Amino acid sequence: MSSLPTVDQFTPASGIGRIDTPADIARMKASLLKDIQRSAYVYRVDCGGCNGCEIEIFAAITPLFDAERFGIKVVASPRHADILLFTGAVTRSMRMPALRAYEAAPDPKIVVSYGACGCSGGIFHDLYCVWGGTDKIVPVDVYIPGCPPSPAATIYGFAVALGLLGQKLTAKTHVEGENERVAIAHPTVPYNLRVLVEREARRMAGYRQGGDLAEVFLAAMEAPDGRPFADRLAGLLRSTPDPRTREIFEALGGVITAAVGRLAR
Amino acid sequence: MFKLIKEIFRSGEATVKYPFAPLPMEKDLRGKPEHTPEQCIACAACTIACPPNAIGMTTDVEAATRTWSIDYGRCVFCGRCEEVCPTDAIRLSQEFELAVAKREDLVMKAVFRLARCEACDTPFAVAKEVAYVQEVVAASAPTPDEAEQRRRLAATCPACKRAHDVRQPAAFGVARRLEETRR
């Protein structure tokens, strides 16, 4: 048993199989990106993902998105790879295979962390058996977030990894300005009535679409043209081609009529 | 052979032009959640709704600030934050090009100031949130007096509210009145 290597010996920090200093690796990586005269070979390392990311990677190499037109080719062995694509949240049992794949790939190699799980552990970040991100075990060059990243996002990520496109996102910190205030939406509609309208719209159309429909409805009812409520509602219904949306608007009109009726009593 | 070439011309090119041309997007595509800090009241509804805890808030009582943050590296693009936001401060955009070289670039932050309690002068909630809640409770109050009372209540910290709840019945003299009625 004592002849088996310890876990520490496998970590990149202790450097089993490592032949270069970090500076050398950086220089080699730069030259790889500059002088690569052939396809960039990608090896996909699944360290405990749900397979969603794998499906999107294979969608990215189908004829529809066709990553191979940029020379991005998925290979079957880490020994052929230039780019290592780590998916999954790095579970306890997949950590060693992932490290072995990393060590098996020849230097210089580009490590891409793929998907929300690869970037930070994603929705599994606080599980007991999860390391939480590729960068906990190997140095990462490019992060592609998404759950899963779409094929287009995958192609964009590869372009960033190969230095063809620049990254768009940068860290930002907003500091609250002086007298920054948020106004209530639709101040002319009584607040409780607005709540009733939004609740009914969300009950009928789901949370997000219901909210959007309530917004359209309230904006139309609020327009300052002095027409009576029934006319406006009829106008809104006339200008709505979708019968399902029309039904929801009718119901919202009913909510307002009922509320006004309760008030009159 | 001729038939094959004809078929190729007939079916056309299936491959999308991206990244040389913008990709046509579905209307309801759930892309990068776009936060508008000016519209945000830091009510923490999104931090509670967020399934992977990509959105979070930390409070610095010393500096009297609360920092809202989103980690796009952990976001699963489910849209729950957008559903629960009462002020439409966070909306899912069509943006999907999120790849970065540095992990830090995936984190966006917004710093908000805390309001001080009317009674004890300790910071207890984000000033914008208190102002917004005051507007809402005042708007739904039946009388101007009631509205003013609700405004003051909204600007009081929970500890002071509890303390008042204990003190006020004492001031009403409940025990004394019970004694009187018993007699």
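Caption draft 1: The arrangement of helix α10 (residues 243-264) of chain A in detail. Residues and elements named next belong to chain A. With 22 residues, α10 extends 31 Å between its outermost C-alpha atoms, agreeing within 8% with the 32 Å of an ideal straight helix rising 1.5 Å per residue. Buried residues along α10 sit in contact with α7 (191-205), α8 (207-222) and α9 (229-238). In this structure Asp 242 caps α10, since a side-chain oxygen of it lies 3.2 Å from the backbone nitrogen of Arg 244.

Caption draft 2: Structural detail: the domain arrangement of chain B. Residues and elements named next belong to chain B. Each domain of chain B was delimited in the assignment, giving domain 1 (24-116) and domain 2 (119-177 + 179-183). The straight-line distance from the C-alpha centre of domain 1 to that of domain 2 is 32 Å. On the domain 1 side of the contact with domain 2, Ile 41, Ala 115 and Arg 116 bury the most area, a combined 52% of that side's loss. On inspection of domain 1 and its partner domain 2, the count reaches zero salt bridges. Summed over the shared surface of domain 1 and domain 2, the number is seven residue pairs in polar contact (both at pLDDT 80 or more). Taken together, the residues of the side of domain 1 that touches domain 2 break down into eleven nonpolar, two polar and four charged.

Caption draft 3: Broad picture of the sheet that holds strand β1 (residues 40-46) of chain A. Residues and elements named next belong to chain A. Pairing within the open sheet is parallel, and its five strands lie in the order β2-β1-β3-β4-β5. Each edge of the sheet is formed by a strand with only one pairing partner; in this case those strands are β2 (72-74) and β5 (142-144). Within the sheet, the average angular offset between the axes of one strand and its neighbour, ignoring direction, is 30°. Examined bridge by bridge, strand β3 (residues 83-87) and strand β4 (residues 110-114) share five bridges and lie parallel to one another. Residue pairing in the sheet places Ile 83 in a bridge with Ile 110 of β4. Strands β1, β3 and β4 of the sheet are contacted by helix α4 (residues 95-104), whose axis makes an angle of about 170° with β3.

Caption draft 4: How the structure looks around the confidence of the model for chain A. Looking at chain A as a whole, its pLDDT mean stands at 85, while 90% of the residues score no less than 70. Note that pLDDT drops below 50 for residues 14-18 of chain A; the model gives that stretch eight contacts with residues more than four away or on any other chain.

Caption draft 5: Layout of the pairing of strand β3 (residues 65-71) of chain B. Residues and elements named next belong to chain B. Within β3, seven of the seven residues are buried, which leaves it mostly tucked inside the rest of the structure. Here β3 shows no split at all, with Thr 65, Thr 67, Ser 69 and Asp 71 on one side and Arg 66, Trp 68 and Ile 70 on the other all buried. Note that strand β2 (residues 55-60) and β3 share six bridges and pair antiparallel. Directly across from Thr 59, in β3, lies its bridge partner Arg 66. Direction of pairing for β3 relative to strand β5 (residues 107-116): antiparallel, over a ladder of seven bridges. By the bridge assignment for β5, Arg 66 is matched with Phe 112.

Caption draft 6: Focus on the packing of α7(A) against α10(A). Residues and elements named next belong to chain A. Where α7 meets α10, the axes come as close as 10 Å, and the angle between the chain directions of the two elements is 150°. When the axes of α7 and α10 are compared, the pair comes out roughly antiparallel. Two packed elements cross with a definite hand, and for α7 against α10 that hand is right-handed. The segment α7 lies against α10, with Leu 193, Leu 196, Val 197, Glu 200, Ala 201, Met 204 and Ala 205 engaging Glu 247, Ile 248, Ala 251, Leu 252, Val 255, Ile 256, Ala 259 and Arg 262. Its residues assigned to classes, the contact of α7 with α10 shows twelve nonpolar, no polar and three charged.

Caption draft 7: Fine view of the packing of aromatic side chains. Under the counting rule described, the total for this entry stands at three aromatic pairs over all chains. Plain terms: the ring middles of Phe70(A) and Phe20(B) are 5.8 Å apart, the flat faces sit at 50° to each other, and that makes the pair tilted. Of the two residues, Phe70(A) is situated in the loop between α3 (52-60) and β2 and Phe20(B) in the loop between α1 (2-11) and β1 (33-35); the pairing between them involves two chains. Given a relative accessible area of 67%, Phe20(B) falls into the exposed group. Geometrically, the ring pair formed by Tyr18(B) and Phe96(B) is tilted, given 5.5 Å between the ring centres and 55° between the ring planes. Taken together, the residues Tyr18(B) in the loop between α1 and β1 and Phe96(B) in the loop between β4 (90-92) and β5 connect sequence positions 78 residues apart. Cation over ring: Lys109(A) sits above Tyr102(A), and NZ or CZ is 4.2 Å from the ring centre.

Caption draft 8: Seen up close, the interface of chain A and chain B. Each partner contributes to the interface: chain A provides 55 residues, whereas chain B provides 56 residues. In total, about 4,800 Å² of surface goes out of reach between chain A and chain B, with carbon and sulfur atoms giving 58% of it. Where chain A meets chain B, there are six salt bridges. Between Arg208(A) and Glu82(B) there is a salt bridge whose closest N-O contact spans 2.9 Å. For the interface between chain A and chain B, the tally reads 21 residue pairs in polar contact (both at pLDDT 80 or more). When contributions to the side of chain A that touches chain B are tallied by element, the ones reaching two or more residues are α5 (115-120), β5, α6 (151-161), β6 (172-175), α7 and α8 of chain A. Counting residues per element, the side of chain A that touches chain B draws most heavily on α6(A), at six residues. When the residues that make up the side of chain A that touches chain B are grouped by side-chain class, the tally is 26 nonpolar, 14 polar and 15 charged. The pairing of β6(A) with β5(B) spans four bridges and is classified as parallel. Counterpart to His174(A) in the pairing with β5(B) is Ala110(B).

Cut-offs and rules
Residues numbered from 1 in each chain as written. Chains lettered and ligands numbered in written order. Predicted model: local features only at pLDDT ≥ 70, side-chain atom pairs only at ≥ 80, totals over all residues. Heavy atoms only, no water. Helix = DSSP H or I, 4+ residues; strand = E, 2+ residues; numbered from the N terminus. Expected span 1.5 Å × (residues − 1). Contact = heavy atoms within 4.5 Å. Polar contact = N/O pair within 3.5 Å; in protein donor to acceptor, adjacent residues only side chain to side chain. Domains from an automatic or database assignment. Buried area = accessible area lost by both parts, 1.4 Å probe. Salt bridge = Lys/Arg side-chain N within 4 Å of Asp/Glu carboxyl O. Nonpolar A, V, L, I, M, F, W, Y, C, P; charged D, E, K, R; others polar. Pairing = 2+ DSSP bridges. Axes fitted to C-alpha atoms, helices over the stretch in contact; angles between N-to-C directions. pLDDT = per-residue confidence, 0-100. Buried < 20%, exposed > 50% of the residue type's maximum accessible area, 1.4 Å probe, protein only. Parallel < 35°, antiparallel > 145°, perpendicular 65-115°, else oblique. Left-handed = near helix turned anticlockwise from the far one by under 90°. Phe/Tyr/Trp six-rings, centres within 6.5 Å; stacked < 30°, edge-to-face > 60°. Lys NZ or Arg CZ within 6 Å of the ring centre and 35° of its normal.

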